[in-house]
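# Notes for the structure review
This is what each chain is made of:
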Amino acid sequence: MGSVEEISKFNEQKHVEFLDEYGPNLKTLPVTDQVKELQTIIRDRNTTRSDFKFYADRLIRLVIEESLNQLPFTKCVITTPTGSYYNGLKYERGNCGVSIVRSGEAMEQGLRDCCRSIRIGKILVESDADTHEARVVYARFPEDIAARKVLLMYPIMSTGNTVIKSVTVLMEHNVLEENIILSNLFCTPFAAKSIISAFPQMTILTSEVHPVAPNHFGQKYFGTD
């Protein structure tokens, strides 16, 4: 048995090797004790709804922050209050969010907290109970979405069918595949492989790839369980 530090390094290396199976466009939050604690609380069946929502919002904020790091920046020079110059960065214009209703709406406030004036569209996708085939019921986007980078928000991915259908709709509205960043909390390996196979140029940002996804997320978050 090695030291705690050695075990931690070993687990981190295994995590990197695991993610290499999916290619460079699948990214995860750094595996920290804080992130693991949030994931644990969300998965725990004994977590109260008020605690669930509080800690889910914390994890959402971390995922949104990291998703924003995938957007393009441009260099800029600003003047400080003392008259000094500072070489900085600013977001390129033309970003928007799209939430997949209903669970994706849980991530909207996290995005607004980071980008106060960002426009957010919605997609409602329903799945057949028997065949699991997804169909779009409703879609509302900014008129110029084809010229924007899109942050697609959906917290739980078990099969990937809903996301695949949603991305297909975005591309039907002339959004480029490489301009879509999928923000996700929990993803199964099956869903990750399905989505990457369908859209290899799209970026996926998740907190965890695990065989068992907490599918109770939407009901627990909105209090409908």
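A quick note: this is a predicted structure, and the numbers were derived from the prediction, not measured.

The next thing to look at is the overall build of the protein chain. Looking only at helices and strands, one finds seven helices and twelve strands in the protein chain. For a compact globule of 225 residues, the expected C-alpha radius of gyration is about 17 Å, and the protein chain comes in at 19 Å, within 12% of that figure. For the protein chain, the spread of C-alpha atoms along the three principal axes comes to 55 × 55 × 35 Å. Per-residue burial over the protein chain gives 42% buried out of 225 residues. Look at the contacts in the protein chain between residues 6 or more apart in sequence, and 64% of them connect residues 24 or more apart. Accessible surface, the protein chain: about 12700 Å² in total, of which carbon and sulfur atoms supply 50%. Positive and negative charge centroids in the protein chain, built from 25 and 28 side chains respectively, lie 6 Å apart.

Right, let's get into the pattern of salt bridges. The tally for this structure, following the rule as stated, stands at nine salt bridges. Across the pair Glu208 and Lys36 runs a salt bridge, and its minimum N-O distance is 3.6 Å. Of this pair, Glu208 sits in strand β12 (residues 208–209) while Lys36 sits in helix α2 (residues 33–43), and the two are 172 residues apart along the sequence. Measuring nitrogen to oxygen at the nearest pair gives 2.9 Å for the salt bridge that ties Arg43 to Glu208. Of this pair, Arg43 sits in helix α2 while Glu208 sits in strand β12, and the two are 165 residues apart along the sequence. Because the salt bridges share partners, they merge into one network encompassing Glu105, Glu108, Arg112 and Lys122.

Quick notes on the rules
- Residues numbered from 1 in each chain as written.
- Predicted model: local features only at pLDDT ≥ 70, side-chain atom pairs only at ≥ 80, totals over all residues.
- Heavy atoms only, no water.
- Helix = DSSP H or I, 4+ residues; strand = E, 2+ residues; numbered from the N terminus.
- Rg over C-alpha atoms; globule rule 2.2 N^0.38 Å.
- Buried < 20%, exposed > 50% of the residue type's maximum accessible area, 1.4 Å probe, protein only.
- Contact = heavy atoms within 4.5 Å.
- Areas by Shrake-Rupley, 256 points an atom, 1.4 Å probe, with all protein chains shown as cover.
- Lys, Arg positive; Asp, Glu negative; His and termini not counted.
- Charge placed at Lys NZ, Arg CZ, Asp CG, Glu CD.
- Salt bridge = Lys/Arg side-chain N within 4 Å of Asp/Glu carboxyl O.

Bear in mind that shape data such as this cannot, by itself, settle questions of function.
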